[in-house]
Amino acid sequence: MHYDTDILVVGGGVNGAGIARDAAGRGFSVTLCERDDLASHTSSASTKLIHGGLRYLEHYEFRLVAKALAEREVILRLAPHIAWPMLFVLPHESSLRPAWMIRLGLLLYDSLGAGHRTLADSHAVDLGSHVSGVALNDGYSRGFVYSDGWVQDSRLVVLNAMDAAQRGADIRVRTRCQAAHVESGVWHAQLRGADGRRETLRARVLVNACGPWAGSFLGSALGRRKHPKLRLVKGSHIVLPRLFDHDYAYIFQQPDRRIVFAIPYETDYTLVGTTDVDYHADPADVHIEADEIRYLCDAMTRHFRDPVRVEDVVWSYSGVRPLLDEVGNASSVSRDYQLGLDSAQGAPLLNVFGGKITTYRRLGEQAVDQVASALGTDRPAWTAHGDPLPGGDFADAERLIAAWSQRWPWLPVALAHRWLRHYGTRAAILLGDAVSVHDLGQHFGAQLYQREVDYLVCHEWARTSEDILWRRTKLGLRMNEEERRRLQGYLETAVPGRTDGPLHETASETA
Ligand SMILES: Cc1cc2nc3c(=O)[nH]c(=O)nc-3n(C[C@H](O)[C@H](O)[C@H](O)COP(=O)(O)OP(=O)(O)OC[C@H]3O[C@@H](n4cnc5c(N)ncnc54)[C@H](O)[C@@H]3O)c2cc1C
């Protein structure tokens, strides 16, 4: 049997990248193809919570909540640079849910996460004296505080892909899997690059990690007439200039019994979301509607002292949740996932349906367990206790920043903090031999220098200004049209040494 790779993963969202990393770490040869940029769809459009999902308790999803709470700790350990604990304030509204019910729910939430937990316990607060009460309307006297985690979702995807590549995986961005069929027990997949280049890749196992396209991929690329249906639910977020002066996030109950988060975002902003709207069009065309913007602004005005107007919105994004097809309203459909191993065509096909950012690692582990057993091998799982993601090999962020300011005393404090939160110890690769800020090269605006751009192209598969400004970083929030155009011009003409994957040096080798 001739083949080019053990496993072809189709889809470079969080699930595809997590599966590729896990499989490469178990010694399988892996190719991942992503038709657009890594994380260009659902995996960059989430609320970015690493959470059990407090509200899922109301739907009796205890198993999902416990699984997700266990993962919360694992991700915080794996990626201390891009993921961190966050405290959430839930102002109490007696007309919606009685205080005893919320207290009980939080106790359950704490106890389902017990055993793995380093995060603080939930507790009640007096909003008349607590810092989080200052920005709120007068109507709130009592609230509850609980812990969850937060992650830069698109960076999580890129770091998983980088780690997979460092373990030997071949990561191909802007490469679509157009069709695949089985011949002599091997998948023959037709891949097409954005440059029009076509290739047939032979793989022993095909993994369908196409997110919202997982169902349609089975029809269009594999010719399956019957395939499971996903329920597609759109969710949108708006970004506003900072609405409050502290690090707590808020979880607000709405009169329609939904919840909306207001989260400190990129230092100067507040992230507000989400909506839940059944969606029937192409997931690639998803965008926020005017009534969603109004709904989210009204939700903020209902709770904050100062009204929030539609004109205040500085950015918005929308994504499509690929959910298991269930009846019920869009916000109550399960956020759990299903893996389906299918050998009907003569070679293993693993389908990934549903999921959350929070459970991606566990999903990847279970997916590769199933793939390994389909290939008749037994290679132990490793990601729960294995190495952190690239750049996450540090224990104390403040000490790391202090060490950088000794070695690179000219490094602006704000830049050091941003690079810590994006690259962790790998910031040493960016800083390298620089002896002044001028050595970082051309300045594109908002403290984005040429060195960072070159790094993102050479190590993180960035190709366009969009990849850099909205997925590898969120500097798009801070740069004007002219600055963005200049960056795009640089990427099209001047960028040196473009590679098709990350170079393999580590921060410690270059520090
Ligand atoms: C509004 C919203 C809020 C959310 N909030 C949270 C949250 O706070 N916490 C949480 O844990 N989860 C959250 N989620 C869920 C989470 O974002 C998703 O479950 C997760 O990102 C899905 O990842 P994925 O890899 O399955 O899909 P995607 O990220 O969409 O990746 C699939 C990829 O497959 C590619 N692809 C498709 N077809 C092909 C092909 N033929 N060839 C090559 N590539 C192909 C696509 O381009 C795409 O990039 C949220 C989701 C939404 C929409």
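As a reminder, the structure under discussion sits directly above these lines.
Reading the values: rules and limits
- Residues numbered from 1 in each chain as written.
- Predicted model: local features only at pLDDT ≥ 70, side-chain atom pairs only at ≥ 80, totals over all residues.
- Heavy atoms only, no water.
- Phe/Tyr/Trp six-rings, centres within 6.5 Å; stacked < 30°, edge-to-face > 60°.
- Lys NZ or Arg CZ within 6 Å of the ring centre and 35° of its normal.
- Near = heavy atom within 4 Å.
- Polar contact = N/O pair within 3.5 Å; in protein donor to acceptor, adjacent residues only side chain to side chain.
- Buried < 20%, exposed > 50% of the residue type's maximum accessible area, 1.4 Å probe, protein only.
- Helix = DSSP H or I, 4+ residues; strand = E, 2+ residues; numbered from the N terminus.
- Pairing = 2+ DSSP bridges.
- Expected span 1.5 Å × (residues − 1).
- Core = buried A, V, L, I, M, F, W, Y, C linked by side-chain atoms within 4.5 Å.
- Contact = heavy atoms within 4.5 Å.

A. Examining the packing of aromatic side chains more closely. Going through the model one piece at a time under the given rule, you end up with 14 aromatic pairs. Between arginine 35 and the ring centre of tryptophan 213, over which it is positioned, the NZ or CZ distance is 4.1 Å. Over the aromatic face of phenylalanine 28 sits the side chain of arginine 379, whose NZ or CZ is 4.1 Å from the ring centroid.

B. Layout of the site of the ligand. The immediate surroundings of the ligand are formed by 38 residues, with Glu34, Ser43, Leu49, Gly355 and Thr358 found nearest. Contacts to the ligand include threonine 42, whose side-chain N or O atom sits 3.1 Å from an oxygen atom. Separating an oxygen atom of the ligand from a backbone N or O atom of glycine 355 is a distance of 2.6 Å.

C. Here's a closer look at the pairing of strand E14 (residues 269–273). Of all five residues that make up E14, five are buried, and the element is covered over most of its length. Burial along E14 is two-sided: Tyr269, Leu271 and Gly273 and Thr270 and Val272, pointing in opposite directions, are all buried. One ladder, built from five bridges, connects strand E11 (residues 230–241) with E14; its direction is antiparallel. Across the sheet, residue leucine 240 finds its bridge partner in E14, namely threonine 270. Between strand E13 (residues 259–265) and the antiparallel strand that follows it, E14, lie three residues; glutamate 266 among them carries a positive phi value of about 45 degrees.

D. Expanded view of helix H1 (residues 14–25). Taking 1.5 Å of rise per residue, the 12 residues of H1 would be expected to cover 16 Å, and the 16 Å separating its terminal C-alpha atoms lies within 8% of that figure. Within H1, 11 of the 12 residues are buried, which leaves it mostly tucked inside the rest of the structure. Val14, Asn15, Gly16, Ala17, Gly18, Ile19, Ala20, Arg21, Asp22, Ala23 and Ala24 are the residues of H1 that are buried. Count one or two residues on from H1 and you reach glycine 27, which has phi positive near 90 degrees.

E. Representation of the nonpolar core within the structure. Membership of the largest hydrophobic core comes to 116 residues, with the highest contact counts inside it found for Leu38, Ile171, Val207, Trp404, Leu448 and Ile468. Once residues lying within four places of it in the same chain are set aside, the contact partners of isoleucine 468 are Leu448, Val453, Leu456, Ala462, Thr473, Leu487 and Leu491. If you look at the next biggest cluster of nonpolar residues, it comprises 27 residues, including Val10, Cys210, Ala221 and Val320.

Purely geometric stuff here, so don't read any function into it on its own.
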